[in-house]
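Listed here are the chains, written in short residue letters.
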Amino acid sequence: MQTKDFYFELPHDRIAQQPLLNRDESRLMIVNREEGTVEHDTFQSILNHLSSGDCLVINNTRVLPARIYGTKDSGAKVEFLLLKQCQGDEWETLVKPGKKAQVGSSFDFGKGLRGEIIGLGSEGTRIIRFHYTGVFLELLAEIGTMPLPPYIEATLEDQERYQTVYSRHLGSSAAPTAGLHFTDNLLDKIRLKGVHVVPVILHVGLGTFRPVKVENVETHVMHEEYYELSQESADILNRAKASGHKIIAVGTTSVRTLETCTDASGTVHSGHGMTSIFIYPGYRFKCVDALVTNFHLPESTLLMLISAFASKPLIMSAYEQAITEKYRFFSFGDAMLII
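Since we're looking at a predicted model, the values are computed, not measured.

### A short note on the overall build of the protein
- On a plain count of helices and strands, the protein comes out with six helices and 17 strands.
- In summary, the protein has a C-alpha radius of gyration of 20 Å against a globular reference of 20 Å for 339 residues, a match within 12%.
- For the protein, the spread of C-alpha atoms along the three principal axes comes to 65 × 45 × 40 Å.
- Counting all 339 residues of the protein, 53% fall into the buried class.
- For the protein, the proportion of contacts with a sequence separation of at least 24, taken over those separated by at least 6, is 71%.
- Accessible surface computed for the protein: about 15,000 Å², of which carbon and sulfur atoms make up 49%.
- The protein carries 33 positive and 40 negative side-chain charges, and their two centres are separated by 3 Å.

Set out below in structure tokens:
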């Protein structure tokens, strides 16, 4: 299976630069795997596709204000993007320009936060050890900015619009964007219908969104990301499955958490740790029955995952329709429901 098989041409004006005023008024494409059909609606209509007893699984990670700027003793300015905490006060970071952040370099970030490059990570990343007084996340909240994807060129005035309304646990380098369509009011209606809204955690790393650089899909290696699924969530999911109800995952991050925590018999287990699960066509799903997702980049692992969940021909055909029908793509774009 070749990476180029997942390429498609996307006009630049289809890339959403700003979120809609009302989150749940985005468009919703409904893709039926069994019938091979595509329908068009609005996101609020998702309620019509959920039944009492079903489980809507949400990733309640929260995006870190992970972009910070440091100054070397020489006066040079360097941009750091925190990717993941390695241990203690050591973080793996993307650095720009990298040539100004050699091992041994020190940086002042303000508010009493300093850092030293102590090693090299994978694919040109740097490992930095921070020194500070107080609480690191509180300092980060003061000096950091939201790490919007590079394809969003517009300025985001309200940083909370890149957070889901149910975000709780700081740790992501990017938002689980399928969840950006939900409002508190819509979630209330979903719960009133008898649907269980079940939280999991997967702290999204930028590796999820990086293009696949190998020609052969099977040789791609995913970056590790932290996941967590509580015993309470596992119990709700297992009861629903045993009763014949559906598990609807909100976003590919929720899918990857669920599939990591589900054994071959279909039983969901609580747990936490690091996952590098890579789902592409040929994968046999153990837990997920339906999926809410955004429209993804060409040749991305996200597009490969949804192609595994439906079928590659069906998904690529749906994407052609999305372009023709002028759907909005990527983080602030419209949504797809695969049933």
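More follows now that the structure is in view.
### Comments concerning the sheet that holds strand 12 (residues 196-202)
- In spatial order, the strands read 2-1-17-16-14-3-12-13-15; together these nine strands make up an open sheet with mixed pairing. Of all the strands in the sheet, just strand 2 (37-42) and strand 15 (271-275) have a single pairing partner and so form its edges. Strand-to-strand twist of the sheet, defined as the mean angle between neighbouring strand axes without regard to direction, takes the value 25°.
- Direction of pairing for strand 12 relative to strand 13 (residues 225-229): antiparallel, over a ladder of two bridges.

### With respect to the side chain of T93
- The residue T93 is located in strand 7 (residues 90-96) in this model.
- What makes T93 buried here is its relative accessible area of 0%.
- Aside from chain neighbours lying at most four places away, what touches T93 is F80, L81, L82, L83, T125, R126 and I128.

### Describing the pairing of strand 3 (residues 55-59)
- Summarising burial for strand 3: five of the five residues are buried, a large majority.
- What you see with strand 3 is no split at all: C55, V57 and N59 on one side and L56 and I58 on the other are buried throughout.

Rules of the game
Residues numbered from 1 in each chain as written. Predicted model: local features only at pLDDT ≥ 70, side-chain atom pairs only at ≥ 80, totals over all residues. Heavy atoms only, no water. Helix = DSSP H or I, 4+ residues; strand = E, 2+ residues; numbered from the N terminus. Rg over C-alpha atoms; globule rule 2.2 N^0.38 Å. Buried < 20%, exposed > 50% of the residue type's maximum accessible area, 1.4 Å probe, protein only. Contact = heavy atoms within 4.5 Å. Areas by Shrake-Rupley, 256 points an atom, 1.4 Å probe, with all protein chains shown as cover. Lys, Arg positive; Asp, Glu negative; His and termini not counted. Charge placed at Lys NZ, Arg CZ, Asp CG, Glu CD. Pairing = 2+ DSSP bridges. Axes fitted to C-alpha atoms, helices over the stretch in contact; angles between N-to-C directions.

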